[in-house]
Amino acid sequence: MVKHWWKALGVLLVIYTLTVGMLIPLRPGITAVSPSSVRTGEQITIQVAGYNSNFKKAQDSIRAWLKLDNERAIAAQSISVKDDQSVSLIFDIPEYLPVDQRVQDMTLVIDNDADGASLLPSAVFVTQDSIDPEMGQQVWKNADISNLNDKKGITFPFRNILGETIRNTYFHVSLWLAMVSIFIISFANSINYLRDPLPIYDYKAKAYTRSGLLLGILGLLTGAIWAKNTWGQYWSWDVKQNMTAVSLLIYMAYFILRSSLTDSEQKARIAAVYNIFAFVALIPLIYVIPRLTDSLHPGAGGNITFGSQDLDNTMRMVFYPAIIGWFLISVWISKLQYRMDIIHARIWNLDDED
Amino acid sequence: MKSKGEIWHLLRKDFLLEFRTGYAISGIFLYLFGTVYIVSRAFQQIKPESWNALFWIIILFASVNAVTKSFVQESNQRQLYFYSIANPIAIIISKIIYNILLLLALSFLTWGALSFMTIDPILKPDVFSLTLLLGSIGFSINFTFISAIAVKANNNATLMAILSFPLVIPVLLLLVKLTAISIGLVAQDITNDILLLLGIDLLLLAMTLILYPFLWRD
Amino acid sequence: MKKTTLCLLALQFLMFPILNAQSAQPDFMRSIGKIYVVVAVIVAVFLGLVLFLIYLDKRLTKLENQINQHD
């Protein structure tokens, strides 16, 4: 039982990922505003729809601003709360804006003591009738955004397009990292085979490759579901997606290569050579793909690469265990496969002795 | 140096064989002109973007066909003979150099033929020539190594395509991008892309030299 | 082999009502902060693992048959 601790750990980590990843609520956020385009010199009423917000509960402490840039903002004239999820704000948009663009986007910031501060970038587009930055400077009534509240309790960040699907970080993105680790193990076993041609290394390389393929297929499938429902298309030209697609091609070719060779020693050796070559040839793709997105696929900018700004510390607490959990489960699955291969080899060797 | 002499002799052998029979190369060139002809008839008006895609598709398939025969053409007995007198590294290097020259000729011919029959969208011939050179090197190393693998299996023509296409994707993507730059579709500094391509070529070469001795002993 | 095909077929028929419900109500996947997208992803991962289990099961059965023949 003692030597199986890592299997238990893998299962526990996946259970932890499922429960904690699903139970921790999202931080309150703003999902929509209407109208989203206004003209200058008007008093406008903006309906704001909140998510997970407590507008009613924190009615007296709500403050709201339309932010032009980091220094300049205008405060809401009056705020009336309908329920926890909706509030309407009245703003006086000045006759002129202190910018020399016809259309200016402004960020909506709402703050109260129950939800903390939440913001929606480019929430409102203001169209100017005539452009005069000088006049705009004079009529601008600046409001300071200060003393923002902090949301208490553990939450995941709210991102407008993602919504709850930010949790897919644990069930989809982690699969990709687990896949890469599994392919590295397969690669290492192929190297071992070339150094010391024992059949066990070949069985291991084969088993890990197959588990990696499983993770890759699942990653692509879940990625497509996620992308379809957030960005509107199944394929989003993301580095990870492309890497996975190419590695699926390569490792499927690996199995076709194996099946077209007959002699088992030759099969193992040539498969190992191909595995090493393919893995190394795949690495440059990490550098190549990001260089292409700007030039060949315009409009693919701002895709879902999870940079440091997208993973806050709470998410890390679930994300890293998720990777290790999926990885350990895959190692377990691989182990089952190569143990079968060992038994298989033993049966045939017995046959030879007869 | 002994291996340098070996490479030279093996290279000369490949060229002599080619000139004596000549049917492999003429087959490739016939394929090339046939494709270019069909493409130029099928597209009445060809846009630079489509030119870029078509050019590399033609090159990709022509190169696979051209390189596949480098190991296939030699009978097992003859291979055995070479292996007994020459060093494996010398064999693979001579094959790679031969294929680089072949693919280089192939690329420039395709460029000429496609320009002659359709349009010549290339605004920066120097960048494009460099692209073709680095592309030929990358394709040649990759396809030569894979053909050495595929020749061990029986159905090697299909296997060759299956095994090698995913592996040339990084090279191919960079080539398409560099071609787009030399057509003037995107304005960008090419230094980093060229260095990256060179890096990939060197990486593939290093892997080939390390791994080929393992393939060779049969 | 036949059993798995049958299972997959059954699964497909079972999926029809769900898919139809989705097309009738296009915002189902996007309701409640798109939480059903997360559910779909988890279900997909689970189904993938189950299909792999079925594959392993078949391989084991083959092995068992070989051992039985051997004895």
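Remember, predicted model here, so these are calculated numbers, not experimental data.

Let's talk about the overall build of chain A
When its secondary structure is counted, chain A shows eight helices and nine strands. In terms of overall dimensions, chain A is more spread out than a globule: its C-alpha atoms have a radius of gyration of 28 Å, far above the 20 Å expected for 354 residues. When the backbone C-alpha atoms are referred to their principal axes, chain A occupies close to 95 × 45 × 25 Å. Every one of the 354 residues in chain A was classed for burial, and the buried ones make up 41%. Here the analysis covers contacts within chain A between residues at least 6 apart in sequence; of these, 76% occur between residues at least 24 apart.

Observations concerning the overall build of chain B
The helix and strand inventory of chain B stands at eight helices and zero strands. Element order for chain B, N to C, with α for helix and β for strand: α-α-α-α-α-α-α-α. Relative to the compact-globule value of 17 Å for 218 residues, chain B shows a C-alpha radius of gyration of 18 Å, a close match. With the principal axes as the frame, chain B shows a C-alpha extent of 55 × 35 × 30 Å.

A short note on the sheet that holds strand β6 (residues 78-83) of chain A
Residues and elements named next belong to chain A. With respect to topology, four strands assemble into an open sheet ordered β1-β3-β7-β6, the strand pairing being antiparallel. The open sheet has two edge strands with one neighbour each: β1 (29-34) and β6. With direction set aside, neighbouring strand axes in the sheet form an average angle of 25°. Pairing of β1 with strand β3 (residues 43-51), which is carried by five bridges, proceeds in the antiparallel orientation. Bridged to V33 within β3 is V48.

Description of helix α7 (residues 156-183) of chain B
All names here are of chain B. The sharpest bend along α7 measures roughly 50° and falls at I169, with the proline P170 sitting one to four residues further on. Among the 28 residues of α7, 20 are classified as buried, and the element is accordingly described as predominantly covered. Backbone geometry just downstream of α7 places G184 in the positive-phi region, at approximately 95°.

Examining the interface of chain A and chain C
Facing 25 residues of chain A, the contacting portion of chain C comprises 21 residues. Elements supplying a minimum of two residues to the side of chain A that touches chain C: α3 (168-195), α4 (199-230) and α8 (313-353) of chain A. Broken down by class, the residue content of the side of chain A that touches chain C amounts to 15 nonpolar, eight polar and two charged.

Thoughts on the confidence of the model for chain B
All names here are of chain B. On average, residues of chain B score 85 in pLDDT, and 95% of them are at 70 or above. Averaged pLDDT values for the elements of chain B fall to 73 in helix α4 (residues 76-85) and rise to 92 in helix α6 (residues 125-150). Confidence estimates for the predicted assembly give a pTM of 0.85 and an ipTM of 0.88.

Re the interface of chain A and chain B
On the side of chain B, 29 residues touch chain A, which itself brings 27 residues to the contact. Only α5 (239-260), α6 (264-282) and α7 (285-296) of chain A provide two or more residues apiece to the side of chain A that touches chain B. Per element, the largest residue contribution to the side of chain A that touches chain B is ten residues, and it comes from α6 of chain A. In terms of residue class, the side of chain A that touches chain B is built from 22 nonpolar, three polar and two charged.

Comments concerning the packing of α6 of chain B against α7 of chain B
Residue and element names in this part refer to chain B. Contact geometry of α6 with α7 gives a least axis separation of 9 Å together with a crossing angle of 165°. As the angle between them shows, α6 and α7 are arranged roughly antiparallel. Here α6 runs over α7; the crossing is right-handed.

What about the sheet that holds strand β9 (residues 116-127) of chain A?
Residues and elements named next belong to chain A. Sheet architecture is open: five strands sit in the order β2-β9-β8-β4-β5, paired in mixed fashion. With one partner strand each, in any of the chains shown, β2 (37-39) and β5 (73-75) form the two edges of the open sheet. Direction aside, neighbouring strands of the sheet carry axes that sit 35° apart on average. Examined bridge by bridge, strand β4 (residues 63-67) and β5 share three bridges and lie antiparallel to one another. Residue pairing across strands places W65 opposite A75, the latter belonging to β5.

Quick look at the packing of α4 of chain A against helix α2 (residues 31-70) of chain C
Two elements in contact, α4 of chain A and α2 of chain C, have axes separated by 10 Å at closest approach and are oriented at 160°. Comparing their axes, α2 of chain C and α4 of chain A come out roughly antiparallel. As α4 of chain A runs across α2 of chain C, the sense of the crossing is right-handed. Along the contact surface, α4 of chain A presents L214, I217, L218, L221, T222, I225, W226, N229 and T230 of chain A, while α2 of chain C presents K34, V37, A40, V41, A44, V45, G48 and F52 of chain C. Of the residues belonging to the contact of α4 of chain A with α2 of chain C, the class tally is twelve nonpolar, four polar and one charged.

Description of the pairing of strand β7 (residues 86-92) of chain A
Every regular strand shows the same layout, with side chains that alternate between the two sheet faces. All names here are of chain A. Burial along β7 is one-sided: V87, L89 and F91 are buried, while S86, S88, I90 and D92, pointing the other way, are not. With seven bridges connecting them, β3 and β7 associate as antiparallel partners. Opposite V48, over in β7, you have V87 as the bridge partner.

Topic: the domain arrangement of chain A
Along its sequence, chain A is organised into domain 1 (29-139) and domain 2 (163-353). When each unit is reduced to the centre of its C-alpha atoms, the spacing between domain 1 of chain A and domain 2 of chain A is 46 Å.

What to know about the environment of I161 of chain A
Residue and element names in this part refer to chain A. Positionally, I161 belongs in the loop between α2 (133-139) and α3. Look at I161 and you get partly exposed, because 13 C-beta atoms sit within 10 Å. Separated by 70 residues in the primary sequence, I161 and F91 have C-alpha atoms spaced 25 Å apart.

As for the arrangement of the chains
Taking contact number as the criterion, the leading pair out of two pairs of chains in contact is chains A and B. Between chain B and chain C there is no contact, and the shortest C-alpha to C-alpha separation is 24 Å.

Quick notes on the nonpolar core
Residues L257, V273, Y274, F277 and A278 of chain A together with I149 and L163 of chain B are the most contacted members of the largest nonpolar core, which totals 123 residues. In this structure, A278 of chain A is in contact with I250 and Y254 of chain A together with L167 of chain B, ignoring residues within four places of it in sequence. Listed in part, the 25 residues of the second largest apolar core include W65, A76, L89 and F91 of chain A.

Notes on the confidence of the model for chain A
When pLDDT is averaged along chain A, the result is 85; 92% of the residues meet or exceed 70. Of the regions scoring below 50 in pLDDT, residues 295-309 of chain A engages in 22 contacts with residues more than four places distant in sequence or in other chains.

Here we look at the pairing of strand β8 (residues 103-112) of chain A
Residue and element names in this part refer to chain A. Counting buried residues in β8 gives seven out of ten residues, a clear majority hidden from the surface. By the bridge criterion, nine bridges tie β8 to β9 in an arrangement that is antiparallel. Bridging from a neighbouring strand, M106 pairs with V124 of β9. Linking β8 to β9, which pair antiparallel, is a turn of three residues.

Procedures and definitions
- Residues numbered from 1 in each chain as written.
- Chains lettered and ligands numbered in written order.
- Predicted model: local features only at pLDDT ≥ 70, side-chain atom pairs only at ≥ 80, totals over all residues.
- Helix = DSSP H or I, 4+ residues; strand = E, 2+ residues; numbered from the N terminus.
- Rg over C-alpha atoms; globule rule 2.2 N^0.38 Å.
- Buried ≥ 20, exposed ≤ 12 C-beta atoms within 10 Å, placed from the backbone.
- Contact = placed C-beta atoms within 7 Å.
- Pairing = 2+ DSSP bridges.
- Axes fitted to C-alpha atoms, helices over the stretch in contact; angles between N-to-C directions.
- Bend = angle between axes of the 7 residues up to and from the residue.
- Nonpolar A, V, L, I, M, F, W, Y, C, P; charged D, E, K, R; others polar.
- pLDDT = per-residue confidence, 0-100.
- Parallel < 35°, antiparallel > 145°, perpendicular 65-115°, else oblique.
- Left-handed = near helix turned anticlockwise from the far one by under 90°.
- Domains from an automatic or database assignment.
- Core = buried A, V, L, I, M, F, W, Y, C linked by C-beta atoms within 7 Å.

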